[in-house]
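What follows is each chain in one-letter form.
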Amino acid sequence: MSTTEQPGSQTEQIHAPRTTEQLIARATAPRDMGDTRRSARGHGYEMRGLSYVPESRLHEGRFGRMFRLPPFIPTDEQISAIEEVMQEPAQFDPSLDNGEIPAGYTYLGQFIDHDLTFDTASSLERQNDPDALTNFRSPRFDLDSVYGRGPVDDPFLYDKGSGGAALLIGSNGREDDLPRNAQDTALIGDPRNDENIFVSQLQLTMLKFHNAVLAMVRGDASVKRGSETDFEAAQRIVRWHYQWIVVHDFLRRTVGQAMLDDVLDRSGPVPTVRRRFYDWRNGPFMPVEFSVAAYRFGHSQIRGRYQLNTLVGPLPTFKAGPVGVDPLGHFGGFRRLPAFWTIEWPRFFDVPFEGPEPPEFDVQRTRLIDTRLAGPLRTLPDEIGGNVPSLALRNLTRGARLLLPSGQDVAYRMGVRPVSESDLGLPAGGPAPLWYYILREAEVQAGGRHLGEVGGRIVAEVFLGLLEADPSSYLRNQPDWTPFLRSETPGDFAMPDLLRFAGHGLGVTNVPNGGGAEAPAGRPAAPAPPPGG
């Protein structure tokens, strides 16, 4: 940096890794996303320790790198130009729907992300913590976002009437909701799982799933292993079936069957994981190529609007301005569930209604994995977006701050042919930010139905590597294990099976006695989605 350039200026172009002082200076510059001033709510913040990753020479820690490659740091002008072209058309285009992935998997992906990044020891998103890189509990698919630290350390999550074995279920006075305190703050293992109605209803479904499995365990001691208590047996069964869904339902849809088969070899007597790039010495870490780029593919899957149930919608997930403004006009969270807002999961997953179907009913789909983001993601609410409300701008800036390599350099390192410059469609050509590259690669190589070679391998190797390293996972304890809870396909278990077992959100939402005072205030009258989906 020249002596005339200031951190965060429009003219800044960094050609070498920054010092810690430069990183801190940039974090407090006007272009910063407000991370140092806000709490752990939302997905728009950095995990603690991230700002120190460029300086790290360690091979383990909460964050690390899969690839030791030169960074690509676009200027602010380049970032702004790329952000401008990453918008869906104003008029809703149904051809951008992904017919192979129902819309619920977008929020299952968000739930999984929160499970991997759960931190029991600190504020989830604190910056500038020099101890964070090495003092951490390994990321695992262990549902800490549901169980917290267990009934002894986090008793507020558990129902005393069950002896502390069942998870506590709350109510909005009429319908089940997350348990909440007097100020409507959710009492859950990860506060981020109340960020929007969809992920909060998924959290509630997982609480009920555990309780349903617990009831089964109490009636069938044969499912216990060793000296497990009822709670321990139910927790293991829930975790293992969830892990199976993560691999064989969510990951398969996300990376494609061919990539899953390449990384998870099932040709031998037991499945084995074949990792080429995600490696560690003493313990697994969270690669920034995954957390800051590859796993942000889900942002492009978000629809502009959703129909929540028979009565509510279509509405956007977020609206500009404070969340409390027009509370019935969006699906933002951190509040008690409004009346008649229980989700109808058959609108989000391929699971049938229990009882008659509503007269007008379609399973909503994710949007294609591509470089187009839905309109509401450009104007995030104040509590999430701060002074940079555009999600694309935030992601691109974060990638630059973390000194990620270009997508082309990662492709070369993997030994695959990069997407051509003409196919990338960058405003000025040249190297592509890794996040943008992975989205465009999915569109070029897979028609947006799933991730391409670079993005798919990063996600598959991290998912399966973490599962392989987890001493409590089914893949580590019993690699040939298969699910045994009731399902459509014996020996398999997918999200529709979990929803049926949990028994939440499968009925049609109706107004009793013709409506009147109990009818949901402000519900839209028109059933057809307006522009934006």
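Residues numbered from 1 in each chain as written. Predicted model: local features only at pLDDT ≥ 70, side-chain atom pairs only at ≥ 80, totals over all residues. Heavy atoms only, no water.

Helices and strands together make up the secondary structure of the protein chain, namely 16 helices and eight strands. Taking all 533 residues of the protein chain together, the buried fraction comes to 59%. For the protein chain, the accessible area works out to roughly 20,300 Å², and carbon and sulfur atoms hold 51% of it. (Helix = DSSP H or I, 4+ residues; strand = E, 2+ residues; numbered from the N terminus. Buried < 20%, exposed > 50% of the residue type's maximum accessible area, 1.4 Å probe, protein only. Areas by Shrake-Rupley, 256 points an atom, 1.4 Å probe, with all protein chains shown as cover.)

With respect to the helices and strands, Gln-201 occurs in helix H5 (residues 197-219). Note on Gln-201: relative accessible area 1%, which makes it buried. Gln-201 sits 143 residues away from Glu-344 along the chain, and the two C-alpha atoms are 9.8 Å apart. Excluding residues that lie within four positions of it along the chain, Gln-201 makes contacts with Leu-337, Trp-341, Thr-342, Ile-343, Trp-345 and His-504. For Gln-201, the side chain forms a polar contact with the side chain of His-504, separated by 3.0 Å. (Contact = heavy atoms within 4.5 Å. Polar contact = N/O pair within 3.5 Å; in protein donor to acceptor, adjacent residues only side chain to side chain.)

Phe-209 and Phe-463 are the most contacted members of the largest nonpolar core, which has 136 residues in total. Of all the elements, helix H6 (residues 230-255) adds the most residues to this core, at 14 residues. Phe-209 has contacts with Val-238, His-241, Leu-485, Phe-493, Leu-498, Phe-501 and Ala-502, leaving out every residue within four places of it along the chain. (Core = buried A, V, L, I, M, F, W, Y, C linked by side-chain atoms within 4.5 Å.)

Turning to unusual backbone geometry, a few remarks are in order. The residue after Gly-313, namely Pro-314, is reached through a cis peptide bond having omega 0°. Tracing the chain through its elements places Pro-314 in the loop between helix H8 (288-291) and strand S8 (365-367). Residues other than glycine seldom take positive phi values, yet Leu-143 does so here, at roughly 60°. In this structure, Leu-143 sits in the loop between helix H3 (104-116) and helix H4 (144-147). Even without a glycine there, the phi angle at Leu-403 is positive, about 55°.

On to the pattern of salt bridges. This model, assessed by the stated rule, comprises 34 salt bridges. Across the pair Glu-175 and Arg-174 runs a salt bridge whose closest N-O atoms are separated by 4.0 Å. Here Arg-174 falls in the partly exposed class, since its relative accessible area comes to 40%. Among the ionic contacts, a cluster of salt bridges with common partners joins Asp-262, Asp-265, Arg-274, Arg-457 and Glu-461. (Salt bridge = Lys/Arg side-chain N within 4 Å of Asp/Glu carboxyl O.)

On to the packing of aromatic side chains. What describes a pair of aromatic rings is the distance from one ring centre to the other and the angle between the planes of the rings. Taken as a whole and judged by the stated rule, the model has 29 aromatic pairs. Geometrically, the ring pair formed by Tyr-105 and Phe-349 is edge-to-face, given 4.9 Å between the ring centres and 70° between the ring planes. A residue pair is termed long-range when its members are at least 10 positions apart, and Tyr-105 in helix H3 and Phe-349 in the loop between H8 and S8 qualify at 244 residues. Each member of the pair Tyr-105 and Phe-349 is classed as buried. (Phe/Tyr/Trp six-rings, centres within 6.5 Å; stacked < 30°, edge-to-face > 60°.)

Positionally, Tyr-437 belongs in helix H13 (residues 434-446). The contact partners of Tyr-437, leaving out residues within four places of it in the chain, are Gly-407, Gln-408, Ala-411, Arg-417, Pro-418, Val-419, Leu-424, Ala-432 and Val-454.

The buried fraction of helix H16 (residues 495-502) amounts to seven of the eight residues, a majority that puts the element mostly inside the structure. Among the residues of H16, Met-495, Pro-496, Asp-497, Leu-498, Leu-499, Phe-501 and Ala-502 are the ones counted as buried. Structurally, H16 contributes buried residues whose contacts are with H3, H5 and H6. Just downstream of H16, Gly-503 is the residue with a positive phi angle, here 75°.

Turning next to H6. Along its 26 residues, H6 runs 36 Å from first to last C-alpha, staying within 8% of the 38 Å computed at 1.5 Å per residue. When the local axis directions of H6 are compared, the greatest deviation, roughly 30°, occurs at Val-246. Most of H6 is tucked away: 23 of the 26 residues are buried. Following H6 by one or two positions, Gly-256 adopts a phi angle in the positive range, close to 95°. (Expected span 1.5 Å × (residues − 1). Bend = angle between axes of the 7 residues up to and from the residue.)

Here the focus is the confidence of the model for the protein chain. When pLDDT is low, close inspection of the predicted coordinates is not appropriate. Across the protein chain, pLDDT averages 85, with 80% of residues at or above 70. Scored below 50 in pLDDT, residues 521-532 makes 26 contacts in the model with residues more than four places away or belonging to other chains. (pLDDT = per-residue confidence, 0-100.)

Further remarks concern the side chain of Asn-196. Within the secondary structure, Asn-196 sits in the loop between strand S4 (176-177) and H5. Those residues in contact with Asn-196 that lie beyond four places of it in its chain are Tyr-107, Gln-110, Thr-317, Phe-331, Gly-332 and Gly-333.

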